[in-house]
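In case you want the letters, here they are:
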Amino acid sequence: MSRTKRLRATLDAGPVTYLLVVLVAIVSIFPLYYTIVMASHTNAEMAASRPPFLPNASIFGNIHKALQIAPLNKGLINSIAVAGCITLGTVALCTLAGFAFAKLRFRGRNILLGVCVGTMMVPTQMGVIPLYMLMAKWGLAGHLSSVILPTLVTAFGVFFMRQYISKAVPDELIESAYMDGASTTRVFTSIVVPAVRPAMAVLGMLTFLTAWNDFFWPMITLNSQNPTIQVAFQSLATGFAPQQSIIMAGTLYGTIPVLIVFALLGRQIVGGIMEGAVKG
Amino acid sequence: MTTITAEPAAGEEISRRRPRRPRAARSRGSRIAYVYILPFFVVFAAFSVYPWLDTAWVSLHEVRLSTYDQHTWVGLANYRNLLSNHYFWNAFRNTVTLGIISAVPQLCVALGIAHLLNHKLRGRTFFRVAILMPYATSLAAATVIFLELFSPKTGIIDWALQTLHLPRVDWQGSKWPAQFAIASIVTWRWTGYNALIFLAGLQAVDQELYAAASVDGAGRWAKFRHVTLPGLRPTIIFAIIVSTIGSAQLFGEPLLYHGGLPDGGTQNQYQTLGLLMYQQGWTNDRLGLASATAWSMFVIILLAVVVNLLIARRRERRAAR
């Protein structure tokens with residue numbers, strides 16, 4: 001008993017711990033907060049010998065100007081469509097494949113899984129030139145499906161679902177279902193899917209965030225007429241905004257929605273990342 | 001590394017199940033398994049494997065964007081070109097230095113933060129979500145924001161330096177300050193994420209071991225050295241490999257840091273391999289050369305991962321002795 005007490009004592013947070021944790025939180029949040037400040041002040045105000053640390057109402061006018069320079073609303077809508085489709089596709093296809101790799105036995109299983117995991121080392125750069133030409137040939141260049149199709153599955157997703165299904169669904173349960181004459185389809189839909197719904201949610205959130213924030217391939221295949229929000233940011237930064245406040249207001253406008261969703265689902269996302277770390 | 005952990009588990013399961021599984025069910029399951037992996041592999045083959053192989057093929061040719069179907073065979077000339085190419089080696093060095101100055105501090109700080117968060121904290125969900133906010137911020141937004149923070153006229157960082165009577169720094173034109181600024185964007189975005197990965201690893205370390213170490217009279221540092229680090233080793237190796245793969249492909253941050261130009265600064269002072277590949281392909285219209293760069297990046301990642309694993313294995317063996 002005294003042992004566990006001493007263990008607890010070493011893990012109790014003292015004032016120094018709190019101080020450091022608060023400091024880390026400030027460093028994490030300050031650039032985002034200061035974006036709000038920068039979005040409300042002109043270049044001259046920012047260059048003053050005492051720069052401002054509080055936002056004001058001129059931010060709304062600046063957002064309005066930013067919306068005229070960059071297609072941010074279109075970008076947001078496109079990003080929701082793109083990230084939504086990618087999330088649905090990834091979760092569905094990776095759960096199917098993850099189930100097969102975890103619970104079904106077939107020739108070449110370990111080799112295929114190994115190859116799949118190994119491909120996580122391949123850089124995005126290695127595929128973009130043929131993809132670019134392929135999309136041009138199919139007439140999909142500049143179209144949202146040119147972003148969705150190549151990102152529809154990830155090797156990580158298969159590996160993640162495989163690890164979870166291996167642990168979350170007992171073999172005995174599947175075997176007894178087979179004994180009762182259930183088909184593999186039935187095993188999948190009535191036993192596996194209900195059991196791994198939490199993992200599907202986690203994979204869904206992580207995939208959505210990754211797809212939402214993806215930059216390299218969307219930048220190559222899309223243009224400023226039909227951008228995702230990340231590509232729209234680029235036209236904000238490289239465009240002709242006369243004031244940094246307008247660039248910041250636009251960046252803020254395009255970032256706030258995902259940050260709000262993130263804050264609401266924060267606990268689940270944190271749990272998902274940590275769970276994925278242990279399982280993976 | 002992930003393969004290594006995956007294989008034994010799969011093998012175990014097979015040997016445990018083989019004698020008990022009824023024949024009919026097994027054969028039924030084995031044939032239908034291909035149906036389950038088919039959709040994944042169709043998409044994967046069409047949009048991942050095929051482009052990778054085609055990139056290899058293109059890298060042996062002279063190809064232009066406008067006339068993509070006309071390939072002129074040049075053999076290994078593109079690769080030879082890279083080996084003697086000043087821009088390639090410059091980009092290689094920049095990728096390595098940017099990778100080191102972003103990944104090393106990031107992982108060390110993340111380890112420290114994970115240790116802090118492993119305490120019993122009031123409001124711990126708030127802190128965990130807070131340190132993950134940068135991860136939710138896209139690299140495009142983060143780079144645009146940091147560009148403003150580092151701005152020579154209106155940036156708060158210059159103001160802070162002046163207030164502290166420190167010399168002003170040219171965050172754009174000078175090589176190391178610019179690389180430091182770009183690395184700070186990467187570090188800001190990924191430290192919290194890695195801290196949570198480490199925290200998960202920490203919480204999986206057997207608490208009894210700490211108690212046992214306390215009984216043996218181990219201090220804080222000894223516990224960290226002999227209980228925490230060995231317990232976290234797989235997680236640390238995993239994080240190192242993931243950040244190695246990520247930093248080898250660094251692209252968006254240095255691109256937007258120079259206003260969307262792929263040259264990586266006026267003197268290419270922060271041009272990475274990812275930027276160089278894009279510049280060769282889309283600015284200079286030399287797809288063969290760009291493809292050769294892309295494949296070189298893969299080889300570099302492969303070598304880096306193998307070196308990481310070898311070091312890790314040797315350490316493990318030494319620790320076991």
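Residues numbered from 1 in each chain as written. Chains lettered and ligands numbered in written order. Predicted model: local features only at pLDDT ≥ 70, side-chain atom pairs only at ≥ 80, totals over all residues.

Below, the discussion takes up the overall build of chain B. From N to C terminus, chain B includes 13 helices and two strands. By principal-axis analysis of the C-alpha atoms, chain B measures approximately 70 × 60 × 40 Å. Within chain B, the proportion of its 321 residues that are buried is 42%. (Helix = DSSP H or I, 4+ residues; strand = E, 2+ residues; numbered from the N terminus. Buried ≥ 20, exposed ≤ 12 C-beta atoms within 10 Å, placed from the backbone.)

Across the contact, 88 residues belong to chain A and 99 residues belong to chain B. A per-element tally of the side of chain A that touches chain B places helix α15 (residues 244-279) of chain A first, with 18 residues. By residue class, the composition of the side of chain A that touches chain B is 57 nonpolar, 24 polar and seven charged. (Contact = placed C-beta atoms within 7 Å. Nonpolar A, V, L, I, M, F, W, Y, C, P; charged D, E, K, R; others polar.)

In this section: helix α10 (residues 220-248) of chain B. Residues and elements named next belong to chain B. Taking 1.5 Å per residue, 29 residues should reach 42 Å; α10 reaches only 36 Å between its end C-alpha atoms and comes up short. When the local axis directions of α10 are compared, the greatest deviation, roughly 55°, occurs at R233, which is followed within four positions by the proline P234. Taken together, the buried positions of α10 are V227, T228, L232, T235, A239, I240, I241, V242, S243, S247 and A248. (Expected span 1.5 Å × (residues − 1). Bend = angle between axes of the 7 residues up to and from the residue.)

As a further point, take the environment of Y257(B). Residue and element names in this part refer to chain B. Within the element layout of this structure, Y257 appears in helix α11 (residues 252-257). Taking the C-alpha atoms as reference, Y257 lies 8.3 Å from Q172; in sequence the two are 85 residues apart. Non-local contacts of Y257, meaning those with residues more than four positions away in its chain, are made with T143, L147, I182 and Y270.

Turning our attention to the packing of helix α4 (residues 86-117) of chain B against helix α12 (residues 273-283) of chain B. Residue and element names in this part refer to chain B. Axis separation between α4 and α12 bottoms out at 8 Å; the angle between their running directions is 145°. Contact residues: α4 offers Y87, F88, A91, F92 and T95, while α12 offers L273, L275 and L276. Counted by class, the contact of α4 with α12 contains seven nonpolar, one polar and no charged residues. (Axes fitted to C-alpha atoms, helices over the stretch in contact; angles between N-to-C directions.)

Detailed reading of predicted coordinates is not advised where the pLDDT is low. Of the residues in chain A, 94% have a pLDDT of 70 or more, and the chain-wide mean is 89. Every residue in residues 1-9 of chain A is under pLDDT 50, and counting partners more than four places away or in other chains gives seven contacts. (pLDDT = per-residue confidence, 0-100.)

For the rest of this paragraph, the subject is the nonpolar core. Of all hydrophobic cores here, the largest spans 164 residues; its most connected members are A97(A) and L196(B). Broken down by element, the residue count for this core peaks at 15 residues, all from helix α8 (residues 175-204) of chain B. Ignoring sequence-local partners within four residues, the contact set of A97(A) consists of V158(A), Y36(B), I37(B) and F40(B). (Core = buried A, V, L, I, M, F, W, Y, C linked by C-beta atoms within 7 Å.)

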